[in-house]
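Examination of the molecular architecture
Below, each chain spelled out in residue letters.
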Amino acid sequence: MKGYEERQKLIGRIADSFHKGVYHGGERKITVPRKESQATSEKVVSLEEAIRRCGLRDGMTISFHHHFRSGDKVLNLVMDKIAEMGFKDIRIAASSLNDVHTPLINHIRNGVVTHISTSGMRGELAKAVSHGLMDNPVVFRSHGARGSAVANGDLHIDVAFLGASSCDPMGNACGYSRSPNAKSICGSLGYALPDARYADKTVILTDDLVDYPNTPTSISEHDVDYVVVVDSVGDSSKIASGAIRDTKNPRDILLAKTACKVIVNSGYFRNGFSIQTGSGGASLAVVKYLRQSMIEQNVKASFALGGITSHMVKLHKEGLIDHLIDVQSFDRVAAESLRDDPKHKEVSANEYASPDEPGAATKFLDIVILSALEVDTNFNVNVLVGSDGIIRGAIGGHPDTAADSALSIVVCPLLRGRIPCIVDEVTTLITPGPTVDVVVTEYGVAVNPRRPDLAERLAAAGLRIVTLESLLERALHVIGTPAPLPFGDKVVGVVMNRNGEVMDVIRNIL
Amino acid sequence: MEIKNAFAGTLESGDILIQIEPSDTPGLTIDLESTVAYQFGDQIKKVIADTLKGMGIGQAYVRATDKGALDCTIRARATAAVVRATGKDVWQD
């Protein structure tokens, strides 16, 4: 080491020029067997401790994912603790909210929560918000827009509280567990991935603390600051029932058959095509009829995207769909497939649908089947606010997939009870008309005038092509003219578009 | 016209349950609960009132629970309720 000592002066000079310190030795080895040292970690703490150590303060933004949908237990658990610890003016950035989040009403009334951003809202909370519960409007974004806003800082997250079905003491987390103690499963953690990556602090809540290393890993330990073990992160049975159940509703079947005929004759139904469908009755039935056409015409898909359902898993297993790209698993079968099948790929919200991600999967999507609460005569779609003016849905990936796909097909009945689905102006603008190509109803198919090529092909295939105006007239003839909704002057919701622009506002309903 | 308690209809989606009772208050009193009250409440009440008046019922208490029924359904249920309340079968007589 003599030479090394001789070089000390030189080392000191170089360190100065690098603005770095000088190495002085003094390492100590940890010699305990690694199985012991890995069993615990300073990251594993109680929820209260995690909240404290993250440095949560009044006015901060915290985030949650909604992969457990109505079965979610994390948001209410964390919010109750935060309220108990006396925090105020907390801003919630949820990927979406469900009817299970009704307890937020009290946290809002008590000033614990003052701002919310989300993809959607349902149940009592949505009703209360629609009636003017909050002083600040709820900000609604699509999944792609949220991923983008989280990444570019428009939606800065201070602390992310993310439920995971398994996690090791270092923070490697998944939406499923391979251990025999598995308590829950939600599959893809796609909407949690941007939060884990971009939040200042990330806390994983898990109901199955497993041995290191929890691989393959969804959320990396690199993005995780604390791990909290809880009794349950969610009730997996409430994601959706695991069984494949075909709709028996004759109207849904007619809509599905028509939509399938549109797909097959659209010009996009060719080997290697890609497709996304929603989870509604008609949408699922489309997959069933499409499967028949794929077998008959020997056409195979390169990937199915989305919201993956057991229906899509079935087609994948039959060799009809090569890859599944999954931002959110819609049922247990899909979640288990994501766990077990390497060709069933988990993607983040950004990789799924971010407008500023060149490789977002939506940009390679040929066909998307979407539902709607309302479609107006300009092809604008509303999926968020009911025709009674009350928030009752979620934007989801609707505007993202409509805009990015080569062919967007909206499937909706002419009427739901006495409520028209074809209207002269949507209650709230969610997906702009220029991005919607075809509207399928049980009384005919409307093609956006922007796509005369498509109208020609579909007409040649024997589909009944109608105008949205004629459908609207038909609807009003049956139901009479609806009275205008009694909206107030308070803005209770703001709809952001994919590029972070304000697209519409939702006013309070009286 | 002399009436007794009667009802017609169901609580199925797309239907309406109409209950008719004698009333001491002059005129028709219609209590409506509807899933589409915002957009169609007044129209539903008008269809019920017109149907009842057209059948000679000018004084009654009506409780209507609507699940998005169309006007034709509302008229049919109101007519059936009146037939049962009065015992006078308009379809046969």
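Keep in mind that this is a model prediction, so the values were computed, not measured. (Residues numbered from 1 in each chain as written. Chains lettered and ligands numbered in written order. Predicted model: local features only at pLDDT ≥ 70, side-chain atom pairs only at ≥ 80, totals over all residues. Heavy atoms only, no water.)

Things to note about the overall build of chain B
Here is the rule: Elements are defined by DSSP. Helices are runs of H or I of four residues or more, strands are runs of E of two residues or more, and each kind is numbered from the N terminus. The cut-offs for exposure are 20% and 50% of the maximum accessible area for each residue type, with area from a 1.4 Å probe on protein chains only; residues under the lower value are buried, those over the upper are exposed, and the others partly exposed. Contacts: residue pairs with any heavy atoms within 4.5 Å of one another. By the counting scheme adopted, Arg and Lys are positive, Glu and Asp are negative, and His together with the chain ends is not counted. Working definition for charges: the position is that of NZ of Lys, CZ of Arg, CG of Asp or CD of Glu.
The number of helices and strands found in chain B is 2 helices and 4 strands. Shown N-terminal to C-terminal, the secondary structure of chain B runs as helices and strands in the order β-β-β-α-β-α. Based on the C-alpha atoms only, the size of chain B along its principal axes is roughly 35 × 30 × 20 Å. Across the 93 residues of chain B, 44% fall into the buried class. A sequence separation of at least 24 residues applies to 75% of the contacts in chain B between residues at least 6 apart. Each charge class in chain B was averaged separately, 10 positive and 13 negative side chains, and the resulting centres sit 2 Å apart.

Details of the sheet that holds strand β4 (residues 138–140) of chain A
Residues and elements named next belong to chain A. Here is the rule we go by: In this description, strands pair whenever DSSP reports at least two bridges between them. Axis geometry follows a simple rule: fit a line to the C-alpha atoms, using only the stretch in contact for helices, then measure angles between N-to-C directions, giving values from 0 to 180 degrees.
With mixed pairing, 9 strands are arranged side by side in an open sheet as β9-β8-β5-β1-β2-β3-β4-β23-β24. Sheet topology places β9 (226–229) and β24 (502–509) at the edges, where each strand pairs with a single neighbour. The sheet shows a mean angle of 25° between the axes of neighbouring strands, taken without regard to direction. Note that β4 and strand β23 (residues 487–496) share 3 bridges and pair parallel. Note that in β23 the partner of valine 139 across the bridge is valine 494.

Details of the domain arrangement of chain A
Residues and elements named next belong to chain A. We apply this condition: Each domain's limits were defined by an automated method or a database of domain assignments. When two components associate, each loses some accessible surface as probed by a 1.4 Å sphere; the sum of these losses over both components is called the buried area. One side-chain nitrogen of Lys or Arg within 4 Å of one carboxyl oxygen of Asp or Glu is enough to make a salt bridge. For this analysis, a polar contact is any N or O atom pair within 3.5 Å, provided that within protein one partner can donate a hydrogen and the other can accept it, and provided that sequence-adjacent residues contribute only side-chain to side-chain pairs. For this classification, Asp, Glu, Lys and Arg are treated as charged, while Ala, Val, Leu, Ile, Met, Phe, Trp, Tyr, Cys and Pro are nonpolar and the rest, including Gly, are polar.
One can read the domain layout of chain A as domain 1 (30–238) and domain 2 (250–483). Taking only C-alpha atoms, the centre of domain 1 and the centre of domain 2 are 30 Å apart. Counting residues at the interface gives 37 residues for domain 1 and 33 residues for domain 2. For the pair domain 1 and domain 2, the summed buried area comes to about 2,500 Å², and 58% of that belongs to carbon and sulfur atoms. Three residues, Ile185, Ser188 and Tyr191, lead the burial of domain 1 against domain 2; their summed loss comes to 19% of the area buried on that side. Applying the counting criterion to the domain 1 and domain 2 interface returns 0 salt bridges. Inspection of the region where domain 1 meets domain 2 yields 18 residue pairs in polar contact (both at pLDDT 80 or more). Elements represented by at least two residues in the side of domain 1 that touches domain 2 include exactly α7 (123–130), α8 (143–152) and α9 (193–198). Tallied by class, residues from the side of domain 1 that touches domain 2 come to 13 nonpolar, 19 polar and 5 charged.

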